[in-house]
Amino acid sequence: MLNSEIAKMFEEIADMLELEDGDYRFEVRAYRKAALSLNTMQEDVGYIYKKGGAEALMEISGIGKGLAGKIIEYINTGKMAKHEQLKKKYPIDFENLTRIPGIGAKKAFKLYKYLKVKDVRDLKEVLAKHKIRDLEGFGEKSEEEISKGTALLESSKGRMPIGNALPEAESIIKELEASGLIKRSSIAGSARRMRDTVGDLDILVTSDQPGKVMKLIPKLSQIKSVALMGPTKTTVRLKAGISCDVRVVRDESFGAALQYFTGNKDHNIKVRQVAIKKGYKLNEYGLFDKKGRNLAGSEEKSVYDKLGMEIMDPEMRENRGEVELSIKHKIPRLVQLSDIKGDLHVHTNHSDGSNTILEMAEYARKLGLEYIGITDHTKSEYVAHGMDDAKFAKHLAEIDKLNSSIEGVTILKSAEIDILKDGSLDLSRKTMEALDYRLASVHTNLNMNMHDMTNRIIKAMESGYVDILAHPTDRIINTRNPIQLDLDKMFDAADKNGVALEIDGYPDRLDLNDENIFKARNYNVQFAIDTDSHRDTHLELMRYGVSMAKRGWLQKKSIINSLGIKDLIKRFKINKTQ
Ligand code: DGT
Ligand code: CA
Ligand code: CA
Ligand code: ZN
């Protein structure tokens, strides 16, 4: 998808402009805003341009005439003059270097200027020689931080967050389908299972003309290079920085192939054992009996059916006991996106979001949600423009006013209350009591040891003022490790104090993750699946949170925002007459 390529270039232009003499703050902000907007859009800008021209591009939030021109330049020429011109002056791999905590554009430039560091490989060399600690503005502590961050980046190498990977696959499928050569198509592999990160993408299509499909693939707009091309499988490297396997099978094998290539491997091995026990043979072409007669293959469900198994959502296929349940026909009905009635973690421009309360509410209504809870930051989060009690008073009054005029969606009053270092909460009791419900989270002092961190969070939960604990482990995928937290104690406290745990669906977070959700099932805890939106289109990211919940085997009954507005008001004991 073009979005991520262009976003990358915009980010780099912003990085480089920060290094230029003169005041480019306004431009830097504009480029970064546009990059964020592109990165979190699920529709390809190439398509948007093709369909609606420059006008349509300018409807994307954060994209004005100038930036639309740059996007068009890139669509037409594959280049961006501004980017090339700056890049000559700064031949630095900003994209990867600035992913490392402790390195921003300015520090990356210093590392280049004084130590000739252009990329992560160079960085590793100077780290090994302890050259960074002596640089002005760095020091020993910062060298250590950079060293840790580099190790984390290395260990996550190659795995892309699902929120970036899935739209790539969807856009490839769209282009393939537009060719008219394709009968059926699907994403497979870890992206279909909605794992939080994806090693490579797997796409499956059926066609009567597999040769033509294979020839078409290198011409798709997303492809950077072809790694391997065979008669029915092509492996390509995408511009977005991930590999993709595209396989063509005969239409009558589509179900069997889909089952096989969805995986995971351990799930497949178990399923194949079921087949063997029955005297059958199962492979990517179909299910066959002893005499080689085809029993199933066209539909995935019929493969499971003929094995005497109940089909389950791809998210469950991780060999965590689902095969055994499926044989007994006891697969639970997992929560679905359509069960979600509202979003309880939403930011606006009253703290660090981009849109107004009204814009967020209207977008939520457009998506069919019954309610959204506005959870702007509290004062300790000053970098995110957190509000103090006085500002909250005005903010809440505004929500009341909007709520009385807007139809079709309810705006709930809340806050993302900082849990301070000592476990106290960053708002007065009076303000907290004026809220419809309270979401709390840890944002600072993330390096505490497990004992202190666990006590800090449990103290907050026991205050009686926390309804939802947001992004409980505070990890950022590929960037920041989870905080040290005794999860069992935390789950227990959540259960005892009636605190719902959040599944933050924002694709960088996905927190709690599937493994932790799966563990939490042993406790009687409730969950809230939220998007942590910072702009209107982020409200569409709910699907990632729901899939995490499915991967943790959650059912609708344990998700508080599957409640309709009336029941939710009861759950939160909100005094409302509407
Ligand atoms: P990834 O790419 O690391 O995020 O994870 P997957 O699950 O997408 O793995 P991948 O791309 O290597 O293979 C796609 C699917 O193909 C995998 O989930 C199951 C199936 N598969 C691959 N290799 C084998 C194998 O050796 N045996 C069996 N039974 N299935 C396999
Ligand atoms: Ca894969
Ligand atoms: Ca693969
Ligand atoms: Zn938030």
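Because the structure is predicted, anything quoted here is derived from the model rather than measured. (Residues numbered from 1 in each chain as written. Chains lettered and ligands numbered in written order. Predicted model: local features only at pLDDT ≥ 70, side-chain atom pairs only at ≥ 80, totals over all residues. Heavy atoms only, no water.)

Further remarks concern the site of ligand 1. Around ligand 1 sit 16 residues in total, of which Arg159, Ser190, Gly199, Asp200 and Arg272 are the nearest. The contact in question runs from an oxygen atom of ligand 1 to an N or O atom on the side chain of serine 190, over 2.5 Å. Within the backbone of threonine 262, one N or O atom sits 3.4 Å away from an oxygen atom of ligand 1. For ligand 1, whose unbound accessible area comes to 590 Å², protein coverage reaches 72%. Here the residues of the shell around ligand 1 sort into three nonpolar, seven polar and six charged. A domain split of the shell around ligand 1 shows at least three residues from each of domain 2 (160–249) and domain 3 (254–327). (Near = heavy atom within 4 Å. Polar contact = N/O pair within 3.5 Å; in protein donor to acceptor, adjacent residues only side chain to side chain. Areas by Shrake-Rupley, 256 points an atom, 1.4 Å probe, with all protein chains shown as cover. Nonpolar A, V, L, I, M, F, W, Y, C, P; charged D, E, K, R; others polar. Domains from an automatic or database assignment.)

Further remarks concern the coordination of the calcium ion (ligand 3). Around the calcium ion (ligand 3), the protein contributes the donor atoms Asp200 (OD), Asp200 (OD), Asp202 (OD) and Asp245 (OD), which lie 2.4 to 2.7 Å from the metal centre. Between consecutive donor residues of the calcium ion (ligand 3), the sequence gaps follow D-x1-D-x42-D. For the pair the calcium ion (ligand 3) and the calcium ion (ligand 2), the metal-to-metal distance amounts to 3.6 Å, and aspartate 200 bridges them. Residue aspartate 202 is located in strand β4 (residues 200–206), and its partner aspartate 245 is located in strand β7 (residues 243–249); the two are separated by 43 residues in the primary sequence. Taken individually, aspartate 202 and aspartate 245 each receive the classification buried, so the pair is uniform in this respect. (Donors = N, O, S within 2.8 Å, 3.2 Å for Na, K, Ca; no water. Helix = DSSP H or I, 4+ residues; strand = E, 2+ residues; numbered from the N terminus. Buried < 20%, exposed > 50% of the residue type's maximum accessible area, 1.4 Å probe, protein only.)

This model, assessed by the stated rule, comprises two cavities of 30 Å³ or more. Roughly 70 Å³ of internal volume is contained in the largest cavity. Met1, Asn3, Ser4, Leu38, Asn39, Met41, Gln42, Gly163, Asn164, Pro167 and Glu168 are the residues that line the largest cavity. Put simply, the parts of the chain that give the lining of the largest cavity at least two residues each are α1 (2–17), α2 (25–39) and α10 (162–178). The element that contributes the greatest number of residues to the lining of the largest cavity is α10, accounting for four residues. The residue inventory of the lining of the largest cavity, partitioned by class, reads four nonpolar, six polar and one charged. Of the pockets and cavities examined, the second largest cavity occupies roughly 40 Å³. Along the walls of the second largest cavity sit Gln259, Tyr260, Asn268, Arg272, Leu282 and Asn283, which together make up its complete lining. Mapped onto the lining of the second largest cavity, the elements with two or more residues apiece are α13 (254–262), α14 (265–277) and β8 (281–283). Looking at the lining of the second largest cavity residue by residue, the classes come out as two nonpolar, three polar and one charged. (1 Å grid on protein atoms, 1.4 Å probe; cavity = no way out; pocket = protein on both sides within 12 Å on 5 of 7 lines; lining within 4 Å. Points joined across faces, edges and corners; volume = space filled by probe spheres on them.)

Here the structure, examined in full by the defined rule, presents 39 salt bridges. The salt bridge partner of arginine 247 is aspartate 202, with a shortest N-O separation of 3.4 Å. On the criterion of sequence distance, the pair formed by arginine 247 in strand β7 and aspartate 202 in strand β4 is long-range, its members being 45 residues apart. Looking at arginine 247, the relative accessible area reads 13%, which means it is buried. Ionic contacts of the salt-bridge type, sharing partners, join the residues Arg193, Glu318, Arg320, Asp514 and Arg551 into one network. (Salt bridge = Lys/Arg side-chain N within 4 Å of Asp/Glu carboxyl O.)

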